[in-house]
Amino acid sequence: MTSSQQGAISAAALADAFARQRAGQEYGALAKLIKAEWAARRAAAIAGGARGDVAARRLARTMAGLIGKLYELASEAAPDAARQTAVFAVGGFGEGRLAPYSDVDLLFLHKFADAERLRGLLDPVLYALWDAGVAVGHSVHTPASAIVFAKSDVIGRTAFLTARPLAGDGDVAADFHRRFDRLRRVTMRPFVAAKLAESRERHQRTAESRFLAEPNVKDGKGGLRDLQTIRWLHRYVWGADPDVQAVGAYAFDPVEVKTLLAAERFLWSVRVHLHDLHGAAAETLSFDVQPAVAERLGYADRPGAHAVERLMKHYFLNAADVGRLTRLFSARLDDVEALRRRKKSTVLPAALLKDEAAGAPNIALVNGRLHFARLEEATPQDLFRYFRALSKRGDLEAHPDALTYIRQHAASVTGPVRRDPVNSRLFIRAVMTAKSPVRLLRVMGETGFLAKALVFFGKIAGRVEYGLYRRYSLDEQVFQMVGELSDALRENAFSGFPLAERVVADAEDIEPFYVALLVQPMRASRQFGETADLERAASRTARRFCADAGAAADVAWVAARPNAMIAVAERRNLSSDETIRGFARALGSMRRLNLLFILSVCYLRVVNDAAWDAWAQRQLQALYEGARAYLDGDARGLAQWTAARSKAGRAAAARRLAGWSPADKRVYLDQTPDDVARSVDPAQLARFAILRRSADRRGAEAAVNVTPAGETIDVMVSAPDRPGLLADLAGVVAETGLSVRTVHAFTSDGGRALDFMTLQAPGEAAGLAAVGTDPESVAALHAALLKVARAPGDGAPRIKSRLGDRRSIFSVPSVVRVDVDTETDHTIVEAEGRDRPGLLYLLCDALADIGVQIRSAHVATYGERAVDAFYLQDAPGYKITHRRRLQSIERRLLNVLGSDDAANGLS
């Protein structure tokens, strides 16, 4: 067994390699030994599921030993330089921890006037490491010049703060440490301010929220860099680490130190395995690597929670602890500054002295932060009153000792306490009137108070549903939705969506909207099986906050079906009166419609970057307006709205056709099917009329328009309908590597297919640069679409996968739903499964092979999950109701959803 395999390179082997190299007998001999040794020691440190912080310390010791041996060899070749030089580990390496592929930062200090005299000493060390593939950063100073540099460079000063001597002259090291300690004592205040500002800038750069579904373990909020910042500042102000008990007794109590160390252990474990899995300095805990990290850290599936979800829940709980410790530490730094300046408690603003409870609240300002006035007398109701006061001032910070008290006494919020009408009123008014509701709810969550005031939040706190569609953890998603509603009410704006603005502006009572947002995550808590059970539980909670019993019942109904409106808007043919009538009947009231509409708007604006687009807005608006028409005027009112919408669509399109004759408008607009006129955007309808008229003048039966539109491509096809047409069109799209965002496929009474498609980059990829919007690619797409519009395709398409398409890493259950009740003339079949290149083609091709006719198709994608809804008839034009026929369709589509591309003969 070689020394590298044993994981302990010998000094003799290094010396022999160094001698061969100096004698010109072998190039890079040292680097070969070090590379093999470092690889072996990396593997050994991580093997067996070792704790990440332990592995990081082992790696730091290994690297320190290698550098020490290299320095000794170099010193023998340059003894004069070595006698007046020392080498230090700085940065994270200086703290004694090193991730597998992190940079190794070194500081060389010397006493010479000319640093060139060090070249013979430094070059053998640095080049051996560089040639071995180790990322080494270094600086060279005298003790005096190092301090001059540190005075003007905060990053350098931070690195020097952790300087740890590895080898060399002890006098040089002692001189540097004396000088640096003097600098530290006189620059505490500006250093603290600079590091806190640096943290804020980093959080903004890496996404402010620490609850992103793919967090940055190192630089994200609540990550390792925040813990490092606490250590750096603690060391700078008190001269020791926070876990040194003699000093830490002031900055952190033993429980807080234990929390800090536990968070470090967890985050280091994640980071070490991230590096090892990627074979590089990767810091983002992305979806594709989360399962492997979960497995390495010993997470397993449990009832109601996958291993990945358990990993991410623990990640976010630890990140929340880091956030709490950061705020606590910042406040205690303020306390130190206040003592220096003899700052006293300030008088409470008058607005904070009154709330919905009787008597004066038990609160005070201590060094500008909200605290309890009499901590020893605090009652469970005082916790509610504390957050009510905190909600009134957006610039008011919570005192960390108050938050520690709430965390320790959150269990005192028992059932009778939270059901107390006064406490319920304090809670909902705090959320509704908060200057920053997201911040308020986060603090409530981090202290454990929220999980007692709304018990189901304990089930969703820090939980992420594994998939591309969600941007945040479930609790943070709720906080952001509440923030959206609050911003809309305060600024009277939903970012250019006037209908939503009017709904909230016209509401007589805004309270039910807030209650609905807060209660709807009860469904995600997985505590309730049937919708009826969920509605009953939601009703009990809603009654605590809604003054009106009818409003509470409506909130409960909506909270039990939070995605009902989005599902209909995205997966159904909204040109069908039957679809809208069925949705409106299920609702039964305008208040439920308004609640569900605003809930849907807030959800889509928050859940995913791509969810809130123009198409989603049009669909939601159409469904809302149609349902309102039915609820206001029954079937006649809906019919009038439908007719008016068709007429308005044609009129808006006509205004875009300036210079057209009335006859042409009649042919190409008035004769357009009503379902098309009321479903398609007027601008598209006008473009479609131009396309059809131009094609007719050339005697062309089929015509295609392809228009790049920002990050999507709009496609319109007019052609004689035939079995398999939509499948052929979808096959062309699949060959390009594009993904279908939406499809509206119609068939006119004259047997002409009118297909409208929106294409986008696959999965979650941003933009279309990777899939080709250059003129040549668009021309090729147009030509291929026109070819199959004219005649059937000549075989299965060659499916292209694209770089950056991460849908394949997820597993999605395959489901087919058959609805024979909603529509009089059509059977609706919904196919749900993992989205992938060519899925729509495969589904349409299967239906064509069965011999059914697709009268309308509607596609919705949710990250890696696709839901394709087809309105079907048998070839003669009859609704499909025969049980065996429906079973045949279901089996065939399930086979498509459950198969991979190779099984279908695709390449």
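Higher on the page you've got the structure.
Below or above, wherever it landed, is the structure these notes cover.

What counts as what
Residues numbered from 1 in each chain as written. Predicted model: local features only at pLDDT ≥ 70, side-chain atom pairs only at ≥ 80, totals over all residues. Heavy atoms only, no water. Helix = DSSP H or I, 4+ residues; strand = E, 2+ residues; numbered from the N terminus. Buried < 20%, exposed > 50% of the residue type's maximum accessible area, 1.4 Å probe, protein only. Contact = heavy atoms within 4.5 Å. Expected span 1.5 Å × (residues − 1). Core = buried A, V, L, I, M, F, W, Y, C linked by side-chain atoms within 4.5 Å. Pairing = 2+ DSSP bridges. Polar contact = N/O pair within 3.5 Å; in protein donor to acceptor, adjacent residues only side chain to side chain. Axes fitted to C-alpha atoms, helices over the stretch in contact; angles between N-to-C directions. Phe/Tyr/Trp six-rings, centres within 6.5 Å; stacked < 30°, edge-to-face > 60°. Lys NZ or Arg CZ within 6 Å of the ring centre and 35° of its normal. Salt bridge = Lys/Arg side-chain N within 4 Å of Asp/Glu carboxyl O. 1 Å grid on protein atoms, 1.4 Å probe; cavity = no way out; pocket = protein on both sides within 12 Å on 5 of 7 lines; lining within 4 Å. Points joined across faces, edges and corners; volume = space filled by probe spheres on them. Nonpolar A, V, L, I, M, F, W, Y, C, P; charged D, E, K, R; others polar. Parallel < 35°, antiparallel > 145°, perpendicular 65-115°, else oblique. Left-handed = near helix turned anticlockwise from the far one by under 90°.

## Quick look at the overall build of the protein chain
Check the secondary structure of the protein chain and you find 39 helices and 15 strands. Reported as C-alpha extents along the three principal axes, the dimensions of the protein chain are approximately 100 × 85 × 55 Å. Looking at the protein chain as a whole, 56% of its 907 residues qualify as buried. If you take every contact in the protein chain between residues at least 6 apart in sequence, the share linking residues at least 24 apart comes to 71%.

## Remarks on helix α27 (residues 531-545)
Along its 15 residues, α27 runs 21 Å from first to last C-alpha, staying within 8% of the 21 Å computed at 1.5 Å per residue. Listing the buried residues of α27 in full gives L534, A537, A538, S539, T541, A542, R544 and F545. Turning to α27, the residues buried within the fold contact α19 (415-419), α20 (421-433), α22 (450-453), α26 (511-519) and α28 (549-559).

## Let's talk about the nonpolar core
Among the nonpolar cores identified, the biggest contains 117 residues, and L370, Y386, F427, F449, F597 and I598 are the most heavily contacted of them. If we skip the residues at most four places from it in the chain, F449 touches L383, F384, F387, I406, A410, V413, F427 and M444. Formed by 108 residues, the second largest nonpolar core is a distinct cluster that contains A82, A150, F180 and Y299.

## Observations concerning the pairing of strand β9 (residues 712-720)
Counted residue by residue, β9 has seven buried out of nine residues, so it is predominantly covered. Pairing of strand β8 (residues 703-709) with β9 involves seven bridges; the strand directions are antiparallel. Bridge pairing in β9 links P708 to I713. From the end of β8 to the start of β9, which pair antiparallel, there are two residues, and G710 there has a positive phi angle of about 70°. For β9 and strand β11 (residues 752-760), the ladder comprises eight bridges, and the chain directions are antiparallel. Residue pairing across strands places D714 opposite T758, the latter belonging to β11.

## Thoughts on the environment of D80
Residue placement: D80 occurs in helix α5 (residues 79-82). Look at D80 and you get partly exposed, because its relative accessible area is 47%. Distance from D80 to A730, taken between C-alpha atoms, is 76 Å for residues 650 residues apart in sequence. A distance of 2.2 Å separates the side chain of D80 from the side chain of R83, its partner in a polar contact.

## Thoughts on the sheet that holds strand β15 (residues 865-874)
Spatial strand order, β12-β13-β15-β14: four strands in an open sheet with antiparallel pairing. Strands with a single pairing partner mark the edges of an open sheet, and in this sheet they are β12 (815-819) and β14 (852-862). Taken over all neighbouring pairs, the strand axes of this sheet differ in orientation by 15° on average, direction set aside. Pairing analysis gives eight bridges linking strand β13 (residues 827-834) to β15, with the strands arranged antiparallel. Across the sheet, residue E832 finds its bridge partner in β15, namely V867.

## Here's the deal with the side chain of R369
In this structure, R369 sits in strand β6 (residues 369-371). Setting aside anything within four residues of it in sequence, one finds R369 in contact with S330, A331, D334, A364, E397, A398, H399 and P400.

## Description of the packing of aromatic side chains
Going through the model one piece at a time under the given rule, you end up with 24 aromatic pairs. Centroid distance F252 to F329: 5.6 Å. Interplanar angle 15°. Geometry classified as stacked. Note that F252 is positioned in the loop between α13 (245-251) and α14 (254-278) and F329 in helix α16 (residues 307-341), a separation of 77 residues in sequence. Taking NZ or CZ as reference, R164 lies 5.6 Å from the ring centre of F93, over its face. Here the basic side chain of R693 rests over the ring of W660, its NZ or CZ set 3.8 Å away from the ring centre.

## Regarding the pattern of salt bridges
If you walk through the whole model with that rule in mind, you get 54 salt bridges. Here R561 makes a salt bridge to E535, at a shortest N to O gap of 3.0 Å. Taken together, the residues R561 in the loop between α28 and α29 (564-571) and E535 in helix α27 connect sequence positions 26 residues apart. A salt bridge links D714 to R687, with the shortest nitrogen-to-oxygen separation between them at 3.8 Å. Of this pair, D714 sits in strand β9 while R687 sits in helix α35 (residues 682-697), and the two are 27 residues apart along the sequence. We classify D714 as buried; its relative accessible area is 16%. Here the residues in one salt-bridge network are R97, R231, R235, D241, D243 and E264, joined through shared partners.

## A look at empty space enclosed by the protein
Applying the stated criterion across every chain, the model contains six cavities of 30 Å³ or more. Size it by volume and the largest cavity reaches roughly 160 Å³. Surrounding the largest cavity, 18 residues form its lining, V740, D835, R836, L839 and L840 being those nearest its centre. Elements represented by at least two residues in the lining of the largest cavity include exactly α36 (725-736), β10 (739-747), α38 (839-850), β14 and β15. By residue class, the composition of the lining of the largest cavity is eleven nonpolar, three polar and four charged. Here the second largest cavity defines a volume of roughly 70 Å³. Looking at the second largest cavity, the residues that line it are G92, E95, R97, L224, L227, Q228, R231, E264 and W268. With four residues, helix α12 (residues 224-238) is the single largest residue contributor to the lining of the second largest cavity. Residue composition of the lining of the second largest cavity, grouped by class: three nonpolar, two polar and four charged.

## Observations regarding the pairing of β15
Note on strand geometry: in a regular strand, side chains alternate between the two faces of the sheet. For β15, a buried count of nine out of ten residues is recorded, marking the element as mostly surrounded by other parts of the structure. Bridge count for β14 against β15 is ten bridges, and the pairing is antiparallel. What sits directly across from S856, in β15, is Y871. Linking two consecutive strands that pair antiparallel, namely β14 and β15, is a turn of two residues; a positive phi of about 70° is found at G863 within it.

## Here we look at the packing of α26 against α27
Two elements in contact, α26 and α27, have axes separated by 10 Å at closest approach and are oriented at 140°. With respect to their mutual orientation, α26 and α27 come out oblique. Of the two elements, α26 crosses α27, and the hand of that crossing is right-handed. Packed against α26, whose contacting residues are E511, V515 and V519, the element α27 presents A538, T541, A542 and F545 at the interface. Considered class by class, the residues forming the contact of α26 with α27 number five nonpolar, one polar and one charged.

## Re the environment of G304
Here G304 is to be found in the loop between α15 (290-296) and α16. Along the backbone, G304 and V896 are 592 residues apart, and their C-alpha atoms lie at a distance of 28 Å. Excluding residues within four positions of it along the chain, G304 makes contact with E309 and R526.

## Topic: unusual backbone geometry
We note that N367 has phi near 50°; this positive angle belongs to a residue other than glycine. Locating N367 in the fold gives a position in the loop between β5 (364-366) and β6. The class of N367 is buried, set by a relative accessible area of 15%. The phi dihedral of D634 is positive, around 60°, even though this residue is not glycine. Following the sequence through the fold, D634 ends up in helix α32 (residues 614-655).

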